[in-house]
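Here's the letter readout for the chains.
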Amino acid sequence: MAQRSPAENYRHYRDLLPDEVALMLATKERSPEEVAEVIEAGADLIGENYVQEAEAKRQLVGALAERAQWHMIGHLQRNKVNDALDVFDCIQSLDSMRLARAINRRAARPVRMLVEVNIAQEKTKFGITPDGVVDFVGQVAQMENLRVEGLMTIEPLFDDPADARLYLARMRELFDALRAQDLPGVQMRTLSMGMSGSWQVAVEEGSTMVRLGTAVFGPRT
Ligand SMILES: *Cc1c(COP(=O)(O)O)cnc(C)c1O
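Residues numbered from 1 in each chain as written. Predicted model: local features only at pLDDT ≥ 70, side-chain atom pairs only at ≥ 80, totals over all residues. Heavy atoms only, no water.

Enquirer: What is the right way to look at the overall build of the protein chain in this model?
Expert: Check the secondary structure of the protein chain and you find nine helices and eight strands. In terms of overall dimensions, the protein chain is globule-like: its C-alpha atoms have a radius of gyration of 17 Å, near the 17 Å expected for 221 residues. When contacts within the protein chain are restricted to residue pairs at least 6 apart in sequence, long-range pairs at least 24 apart make up 59% of them. For the protein chain, the exposed surface amounts to about 10800 Å²; the carbon and sulfur share of it is 46%. Between the centroid of the 26 positive side chains of the protein chain and the centroid of its 33 negative side chains there is a distance of 5 Å. (Helix = DSSP H or I, 4+ residues; strand = E, 2+ residues; numbered from the N terminus. Rg over C-alpha atoms; globule rule 2.2 N^0.38 Å. Contact = heavy atoms within 4.5 Å. Areas by Shrake-Rupley, 256 points an atom, 1.4 Å probe, with all protein chains shown as cover. Lys, Arg positive; Asp, Glu negative; His and termini not counted. Charge placed at Lys NZ, Arg CZ, Asp CG, Glu CD.)

Enquirer: I'm lost on the pairing of strand E3 (residues 69–72) in this one. Help?
Expert: Looking down a regular strand, the side chains alternate between one sheet face and the other. Sheet topology places strand E2 (residues 45–48) next to E3; four bridges connect them, and they run parallel. Bridge pairing in E3 places glycine 47 opposite histidine 71. By the bridge criterion, two bridges tie E3 to strand E4 (residues 90–94) in an arrangement that is parallel. Within the sheet, the bridge partner assigned to methionine 72 lies in E4 and is isoleucine 91. The parallel pair E3 and E4 is bridged by helix H4 (residues 81–87), and the resulting crossover is right-handed. (Pairing = 2+ DSSP bridges. Right-handed = clockwise from strand over helix to strand, strands pointing away.)

Enquirer: Just checking my understanding: could you explain helix H6 (residues 133–140) for this structure?
Expert: One full turn of an α-helix is made of 3.6 residues, so residues set three or four places apart face in the same direction. Turning to H6, its buried residues are Val133, Phe136, Val137 and Val140. Within H6, the buried residues cover an arc of 95° as seen down the axis, which keeps them to one side. Of the surrounding elements, those touching the buried residues of H6 are E4, helix H5 (97–106), strand E5 (111–116), strand E6 (146–152), helix H7 (165–181) and strand E7 (186–192). (Buried < 20%, exposed > 50% of the residue type's maximum accessible area, 1.4 Å probe, protein only. Arc of directions from axis to C-beta.)

Enquirer: In this structure, what is going on with the site of the ligand? I would like to understand it.
Expert: Around the ligand, the surrounding shell consists of Ala26, Lys28, Asn49, Ile73, Ile154, Met195, Ser196, Arg211, Leu212, Gly213, Thr214 and Arg220. Taking lysine 28, its side chain carries an N or O atom lying 2.7 Å from an oxygen atom of the ligand. Considering the ligand on its own, with 380 Å² of exposed area, one finds that the protein chains cover 88% of that surface. Class assignment of the residues belonging to the shell around the ligand gives a composition of five nonpolar, four polar and three charged. (Near = heavy atom within 4 Å. Polar contact = N/O pair within 3.5 Å; in protein donor to acceptor, adjacent residues only side chain to side chain. Nonpolar A, V, L, I, M, F, W, Y, C, P; charged D, E, K, R; others polar.)

Enquirer: Whenever I open this one, a positive patch on the surface confuses me. Can you help?
Expert: Side chains of Arg78, Arg98, Arg101, Arg105 and Arg106 sit close together on the surface and give a patch of like positive charge. Relative to the helices and strands, arginine 101 is located in helix H5. (Patch = residues over 30% accessible without salt bridge, like charges linked within 9 Å, V, L, I, M, F, W, Y side chains within 5 Å. Salt bridge = Lys/Arg side-chain N within 4 Å of Asp/Glu carboxyl O.)

Enquirer: I would appreciate a short explanation of the packing of aromatic side chains in the present structure.
Expert: Where two aromatic rings form a pair, the distance of their centres and the angle of their planes describe that pair. Per the counting criterion, the structure on display carries two aromatic pairs. Consider the rings of tyrosine 13 and tryptophan 199, whose centres lie 5.8 Å apart with planes at 90°: the pair is edge-to-face. Of this pair, tyrosine 13 sits in helix H1 (residues 6–16) while tryptophan 199 is found in helix H8 (residues 199–204), placing the two residues 186 residues apart along the sequence. You can call tryptophan 199 buried: its relative accessible area is 10%. Here phenylalanine 158 and tyrosine 167 contribute two aromatic rings whose centre-to-centre distance is 6.4 Å and whose plane-to-plane angle is 10°, an arrangement assigned as stacked. (Phe/Tyr/Trp six-rings, centres within 6.5 Å; stacked < 30°, edge-to-face > 60°.)

Enquirer: Where do I start with H7 in this structure?
Expert: Relative to the 24 Å expected for 17 residues at 1.5 Å per residue, H7 spans 25 Å between its end C-alpha atoms, a close match to the ideal helical length. Buried within H7 we find Leu168, Met171, Leu174, Phe175 and Leu178. In an axial view of H7, the angular spread of the buried residues amounts to 115°, which keeps them on one side of the axis. Exposed residues on H7 whose side chains face more than 90 degrees from its buried face are Leu166 and Ala180. (Expected span 1.5 Å × (residues − 1).)

Enquirer: Before we go on, may I ask you to explain the side chain of threonine 208 in this structure?
Expert: Relative to the assigned elements, threonine 208 resides in the loop between H8 and strand E8 (209–212). From its side chain, threonine 208 meets the backbone nitrogen of leucine 191 in a polar contact 2.8 Å long. For threonine 208, the residues in contact, after removing those within four places along its chain, are Glu20, Val21, Ala22, Arg172, Arg189, Thr190 and Leu191.

Quick look at the structure:
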């Protein structure tokens, strides 16, 4: 099989996905040149896992970087909040009340964010428990500098991605329940779930944003 370039892969997945599903490219460990290439091809959502890596890359990508939104998708340490607020347009990894308070205290303007849910309650993962997420969003909604726009999850990895289906469906239920609550200050518009192995199942279960890394850029080294 002929190797496709990241730009070709981006277009390939953009064409495969329904129009209403956003495509984020997860660019950890990818070079500024690779990021520039996909933005040139039309990618408008870049997800990074580390504040410093994103900061350096965004600068190296230069003016082209401004054609995309940059989202934090990795665990954010509280001592990195100030830098993160400078670099990112949205934080998808709001995973604790302490982090929420730190962001609310330091932000000079309302910050867009998604609440990360540890949907399978895995010990190795960050995120709010499924049972706690409705309360959590209710509390965060009252913080003046936080704008909750949805939920994010890193669903468990299975050899057969269909095995993740029940967790993805549970995420959609939580998303719909919160949307029905219609809390002031909360706009449930993004359900960020599905990665290279699981995006098809995630879309079937109601994802509104998939995050692809290896499918577009090849294996990480
Ligand atoms: C790396 C990463 C992805 C993309 O994973 P792939 O399996 O390479 O597509 C998506 N979301 C998060 C939070 C990641 O860290």
